[in-house]
Amino acid sequence: MLGVLLIPAANFHVFYISLILYLLLCGASRVVSSNGYVIALCFVLAYVVACSVLRVCLVQDHTLRDVAESIRIVPFILVFLLRGRLQHIRSTHFIWSLQIYLLLDAIVSCAQFFHITNVPLTLISAVYNRRAHAETALTWSSVRALGLSADPAEHGAMLVFMFSVMCAAYLFSRRRPRCILPSILMATIVLGLAQSKTAFVAWCLSFPILFISSIATGRQATHRLVLLISLLIIVILPIYASQGEELTQVNKLLTVVHETWSTGSSQLSSLQARTWLWNYYLSVAGQIGPLWQLIGPGRTYMGNMNMGRVYDSDYIYFLLVHGLFGLVAVYGLVTYSLLRAAILWTRQTVEKRMLVFATTAGLFLGLGASYFTNPRISTLFALLLGLSFRPSSTDPR
């Protein structure tokens, strides 16, 4: 699993080609027969490809950019086809891989935040960080650590994912994974260094979910949550007091929250810019025919209309790229799964609770960033799904 995490995600095509080759090499000897999940995923893949081909024919897209979007589903299919390899893997192995990746990410992030430069760090930045973001995010005036991610938003999303999954493992595992509390604290600290405002808001909104689920689980989980929150306060406040002036984006967000609470209106420039951009995208998409609205105009059409290919929202992405069908299908399935998990919460395995926490965080973070459509995070979701629904799955609590 660590190999999946360490594949650079700065280039979309390089990441997925490397990932598919890695999964095939790791699991080629243990392919299992397909089941309903694989059939459903193959149906989704066929639908996406068919809609993409239709757009290619109508828009005359010779770059096949919309067809390439279907590659996002391939890792899910491969994980389920190769899920026999996951029979011996426990949730702790998944957590250990995240901890090793987080440690490496924290080292690089601290070096970037404190402007420590050397040849290895320069090479890591060249491989993992997009050049345009590295030039702006690592300035002396406002440092936003990129770590092993392509940009600050992706970095923040990855940290929120790791924080959510590790919190679930800490709260609900009978035997807590080693060093899980320091890892949660580390993820929080690095999130502050990344200074992703959207990720920070999603991190704050995750605590009510942690509180409710802990109470529903029992006294032990509640006690663990109280200990976690106490440690977060003890660790974070001194760090903020000593480095508060450097955390310009965090300070800006806190100022905006205070002003919003006082006046009832938001003055966050990045949110206003994104809102304007989303409204513009939706107004353009609303001018096309009903067929395009159902299946989505696609990336090529939006590019032909002189609009960028970065949507900064999973909801906008699914609506514009896969249409109303795609948006309703994805979030309808997510909502159904979360409701079912809530009803059967006391009977869920640790892996499924990790999946619930990560998914809930994505509902918040996806409003203003790429989360489910993030290549690395979507691959981790596929692996976590494979762990949750593997053959002869047992509860490792």
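Here the structure is a predicted model, which means the values were calculated and not measured.

To continue, consider the packing of helix 18 (residues 350-365) against helix 19 (residues 375-388). Running from amino to carboxyl end, helix 18 crosses helix 19 at an angle of 150°, the nearest separation of the two axes being 8 Å. The orientation of helix 18 relative to helix 19 falls into the category roughly antiparallel. For the crossing formed where helix 18 meets helix 19, the hand is left-handed. Counted together, Glu351, Lys352, Met354, Leu355, Ala358 and Thr359 of helix 18 and Phe381, Leu384, Leu385, Leu387 and Ser388 of helix 19 form the full contact between these two elements. For the contact of helix 18 with helix 19, the residue count by class is seven nonpolar, two polar and two charged.

All right, on to the confidence of the model for the protein chain then. With 79% of its residues at a pLDDT of 70 or more, the protein chain shows a mean pLDDT of 79. For the protein chain, helix 13 (residues 248-263) is the element with the lowest average pLDDT, namely 55, and helix 9 (residues 152-172) is the one with the highest, namely 92. When the criterion is pLDDT under 50, residues 392-397 qualifies, and its contacts beyond four places in sequence or with other chains add up to 18 contacts.

So, about helix 7 (residues 119-128). Listed as buried for helix 7 are Leu121, Ser125 and Tyr128. Within helix 7, the buried residues cover an arc of 85° as seen down the axis, which keeps them to one side. Within helix 7, the exposed residues directed more than 90 degrees away from the buried face are Val119, Leu123 and Ala126. Looking at where helix 7 begins, the residue whose side-chain oxygen comes 3.0 Å from the main-chain nitrogen of leucine 121 is asparagine 118.

A word on the packing of aromatic side chains. What characterises a pair of aromatic rings is the spacing of the ring centres plus the angle enclosed by the ring planes. For the structure on display, the rule yields 17 aromatic pairs. Consider the rings of tyrosine 317 and phenylalanine 318, whose centres lie 5.3 Å apart with planes at 75°: the pair is edge-to-face. Joined through ring pairs, the aromatic side chains of Phe161, Tyr315, Tyr317, Phe318, Tyr331, Tyr371, Phe372 and Phe381 make up one cluster. The lysine or arginine in question, arginine 353, covers the ring of phenylalanine 172, its NZ or CZ lying 5.1 Å from the ring centre. When the ring centre of tryptophan 345 is taken as reference, the NZ or CZ atom of arginine 353 above it lies at 5.0 Å.

For the rest of this paragraph, the subject is the packing of helix 11 (residues 197-217) against helix 18. Running from amino to carboxyl end, helix 11 crosses helix 18 at an angle of 140°, the nearest separation of the two axes being 9 Å. Here the hand of the crossing between helix 11 and helix 18 comes out right-handed. Across from Thr198, Ala199, Ala202, Leu205, Ile209, Leu210, Ser213 and Thr217 in helix 11, the residues of helix 18 making contact are Arg353, Phe357, Thr360, Phe364 and Leu365. Split by residue class, the contact of helix 11 with helix 18 holds eight nonpolar, four polar and one charged.

Of note in the backbone geometry, histidine 115 takes a positive phi value of approximately 60° without being a glycine. You can see histidine 115 is positioned in the loop between helix 6 (91-113) and helix 7. If you check the backbone angles, cysteine 179 has positive phi at about 55° while not being a glycine. As for its position among the elements, cysteine 179 is in the loop between helix 9 and helix 10 (180-194).

To continue, consider the nonpolar core. The tendency in soluble globular proteins is for nonpolar side chains to be buried side by side. With 96 residues, the main nonpolar core has Phe94, Phe161, Met162, Val165, Tyr371 and Phe381 as its most contacted residues. A total of 15 residues in this core trace back to one element, the largest contributor, which is helix 9. If near-sequence neighbours (up to four positions away) are discounted, valine 165 is found in contact with Phe94, Ile95, Leu98, Met354, Ala358 and Leu384.

Procedures and definitions
- Per chain, the residues get numbers from 1 upward, laid out in the order the sequence is written.
- At least 70 in pLDDT is required for a residue's local features to be given in this predicted model, at least 80 for side-chain atom pairs to be given and counted, and no such filter applies to totals for whole chains, interfaces and linings, which use all residues.
- Side-chain numbers here rest on the full set of heavy atoms in the structure, without hydrogens or water.
- An axis is simply a line fitted to the C-alpha atoms; with a helix, the fit covers only the stretch in contact. Between two such axes, the angle follows the N-to-C directions and lies from 0 to 180 degrees.
- Strands are runs of DSSP state E lasting at least two residues, helices are runs of H or I lasting at least four, and both sets are numbered from the N terminus onward.
- Roughly parallel means an angle under 35 degrees; roughly antiparallel means over 145; roughly perpendicular covers 65 to 115; every other angle is labelled oblique.
- It is the rotation of the near helix from the far one that decides the hand of a crossing: anticlockwise by less than a right angle makes it left-handed, clockwise makes it right-handed.
- What makes two residues a contact is simply this: any of their non-hydrogen atoms within 4.5 Å.
- Note on residue categories: nonpolar means Ala, Val, Leu, Ile, Met, Phe, Trp, Tyr, Cys or Pro, charged means Asp, Glu, Lys or Arg, and polar means any other residue, Gly included.
- Residue-level confidence of the predictor is summarised by pLDDT, bounded by 0 at the bottom and 100 at the top.
- Burial classification: accessible surface area is computed with a 1.4 Å probe over protein chains only, and a residue below 20% of its type maximum counts as buried, one above 50% as exposed, and the rest as partly exposed.
- It is the directions from the helix axis to the C-beta atoms that the arc portrays.
- Each polar contact in these results corresponds to two N or O atoms within 3.5 Å; when the atoms are within protein, one needs to be able to donate a hydrogen and the other to accept it, and residues that are neighboring in sequence are counted only if both atoms are side-chain atoms.
- Centres within 6.5 Å make a pair out of two Phe, Tyr or Trp rings, where for Trp the six-membered ring is used; the pair is then stacked when the planes are under 30 degrees apart, edge-to-face when over 60, and tilted otherwise.
- Placement of a positive charge over a ring is assigned whenever Lys NZ or Arg CZ falls within 6 Å of the ring centre and within 35 degrees of the normal to the ring plane.
- Here, nonpolar core means buried Ala, Val, Leu, Ile, Met, Phe, Trp, Tyr and Cys residues that are tied together by side-chain atoms lying within 4.5 Å of each other.

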